Every structure is written in C-alpha cells, then in structure tokens.
Amino acid sequence: MTKATWLIKKLARELKYLSLSELFGRQVMIHSVDTVEDNIRHALGDIVPEGCRLLTEPQLMKGMLAKYDFLDLTFSVPAYLLQSHYESGISLLKALYFIRDPSQEDIDELEYKELSEFLGDDPTFLAELAEDVSKNMTVCRMILNSSHPREWDKNNRRMAMTASLPSGYFPQIFVIGDACITNALSVWLHKHFYL
C-alpha cells in the first residue's frame, strides 16, 4: 500500500466535517478587527458559545481584509459540537478537493508534475491534513465576505501591501459565505485557496 493510499484511508475514517449551511448568507456587523470575536459571538452565540476563542491573529485579519476584502476565521469550539451529523469518508475528501477524480482533473499532466516538484511528495496536502486531525482539535471555520466589496484600484493594491485599511472601513456588514465545524484546521486548503 502506498503512503498516499494509507493516508486517504486514514483520513476517510478520521476526518470529520459538519457544514453549517444554515449560516450561509447570514449577515454579521463587524465593528473593528479587535472586536471580531465579540461581534461574531453576538450574532452567532449558538455556534460560537462562551468559552470559544478566536484563533485567527488580528494582523492576519488586517492583511486578509486589505488584500482580499474577506475574513477567513478559525475558532476553537467544544468537541461536543462535532459529535454527530458530520460527514466523513472518501466522498468528503473528494468534495474538499483532497482527492481528484482523474476524469475531472482541472490541471494538465505537465502542471501536475510542476506542482509535485514544487510541493514534494504531497501536492494535495494529505499529510498536513492527517497531522491536523491527529491534534484532536475541534474548530469552527468561517468565511465572511464584505457586503460592499471595494473597487480594486492602485490605492487598494497599495493598502494590500501595507495591510492597512482605509479610514471609515468599519463598521461594515459581512456575509457568511461558508462555515463548518471540523477536526482539521487545514480542511479548506483546496476549497478556499488564496495566498
């Protein structure tokens, strides 16, 4: 059995993923980078109850907002939130793009070879995903998109380089684009890829 096959079988058994699709489209008023955790807790107290904490660093949030105008957040949450109704298995790994169906491959053979040379033996990050699962954490992942996306002109590109936001950026309404509870921080490496 190859290492990739072993990792796929292990992850199919151990990775847990609970989509919070009922939150998609829900609005959250964010008043500042420093109040993100409190603002989310106020709007979504049933999902992010007291005792949870935001793991995403403020400086990283500022960079995301300046460069992409969205937030990719990670909260630690109690394990009981992921005890039932979660997805797992090969179909989940395919849905999250850790396994690709060769008939639906979106990159050609040359690109895959170049990617494999750049990333080594694990171009799909299966080993990183397995390492995350082994940490025995339960997290809530959430993507929030600005409800008033900025026009990307020269000034905004300059803001992205300095991770600064325009004055008057906050308060702002954000819309939940995706949310889940899972046992792997890196579960969205392929689904929501950005640099």
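All of the points below concern the structure found in this document. (Residues numbered from 1 in each chain as written. Predicted model: local features only at pLDDT ≥ 70, side-chain atom pairs only at ≥ 80, totals over all residues. Heavy atoms only, no water.)

Once that is clear, we can look at the packing of helix α1 (residues 3–14) against helix α6 (residues 126–134). Two elements in contact, α1 and α6, have axes separated by 10 Å at closest approach and are oriented at 40°. Judged by the sense of rotation from one axis to the other, the crossing of α1 with α6 is left-handed. Residues A4, L7, I8, K10, L11 and E14 of α1 touch α6, and the partners they reach there are L126, A127, L129, A130 and V133. Taken together, the residues of the contact of α1 with α6 break down into nine nonpolar, no polar and two charged. (Axes fitted to C-alpha atoms, helices over the stretch in contact; angles between N-to-C directions. Helix = DSSP H or I, 4+ residues; strand = E, 2+ residues; numbered from the N terminus. Left-handed = near helix turned anticlockwise from the far one by under 90°. Contact = heavy atoms within 4.5 Å. Nonpolar A, V, L, I, M, F, W, Y, C, P; charged D, E, K, R; others polar.)

Core analysis: the largest hydrophobic core is formed by 30 residues, its most contacted members being I40, L73 and L144. Looking at this core, the elements with two or more residues in it are β2 (27–30), α2 (36–43), α3 (58–68), β4 (70–76), β5 (139–146) and β6 (172–182). (Core = buried A, V, L, I, M, F, W, Y, C linked by side-chain atoms within 4.5 Å. Buried < 20%, exposed > 50% of the residue type's maximum accessible area, 1.4 Å probe, protein only.)

Take N183: it is sitting in the segment after β6. On the basis of relative accessibility, which here comes to 10%, the residue N183 falls in the buried class. Within the structure, N183 has its side chain in polar contact with the backbone oxygen of E14 (distance 2.9 Å). Of the polar contacts made by the side chain of N183, one reaches the backbone nitrogen of K16; its length is 2.8 Å. Contact partners of N183, with chain neighbours within four places excluded, come to E14, L15, K16, L82, D132, V133 and M137. (Polar contact = N/O pair within 3.5 Å; in protein donor to acceptor, adjacent residues only side chain to side chain.)

A few words on unusual backbone geometry. The residue after F170, namely P171, is reached through a cis peptide bond having omega -5°. One non-glycine residue, D69, adopts positive backbone phi at about 65°. Relative to the assigned elements, D69 resides in the loop between α3 and β4. Unusually for a residue other than glycine, Y97 sits at a positive phi of about 70°. Exposure remark for Y97: the relative accessible area of 42% places this residue in the partly exposed category.

Moving on, we get to the environment of L185. Turning to its location among the elements, L185 is positioned in the segment after β6. Accessibility expressed as a relative area gives 31% for L185, which makes it partly exposed. For the pair L185 and C140, spaced 45 residues apart in sequence, the C-alpha separation works out to 8.8 Å. Those residues within four positions of L185 in sequence are excluded, and the remaining contacts are L55, T74, D132, M137, V139 and R141.

Bringing α6 into the picture now. Within the sequence span of α6, burial applies to L126, L129, A130, D132 and V133. Down the axis of α6, the buried set is contained in an arc of 160°. They therefore lie on one face. Its buried side turned inward, α6 meets α1 and α4 (90–95). Taken from the residues just after α6, N136 is the one with a positive phi, measuring 55°. (Arc of directions from axis to C-beta.)

What follows deals with the packing of aromatic side chains. Applying the stated rule across the entire model yields two aromatic pairs. Between Y169 and F170, the aromatic rings sit 4.9 Å apart at their centres with planes inclined by 85°, giving edge-to-face as the arrangement. Each member of the pair, Y169 as well as F170, is classed as buried. (Phe/Tyr/Trp six-rings, centres within 6.5 Å; stacked < 30°, edge-to-face > 60°.)

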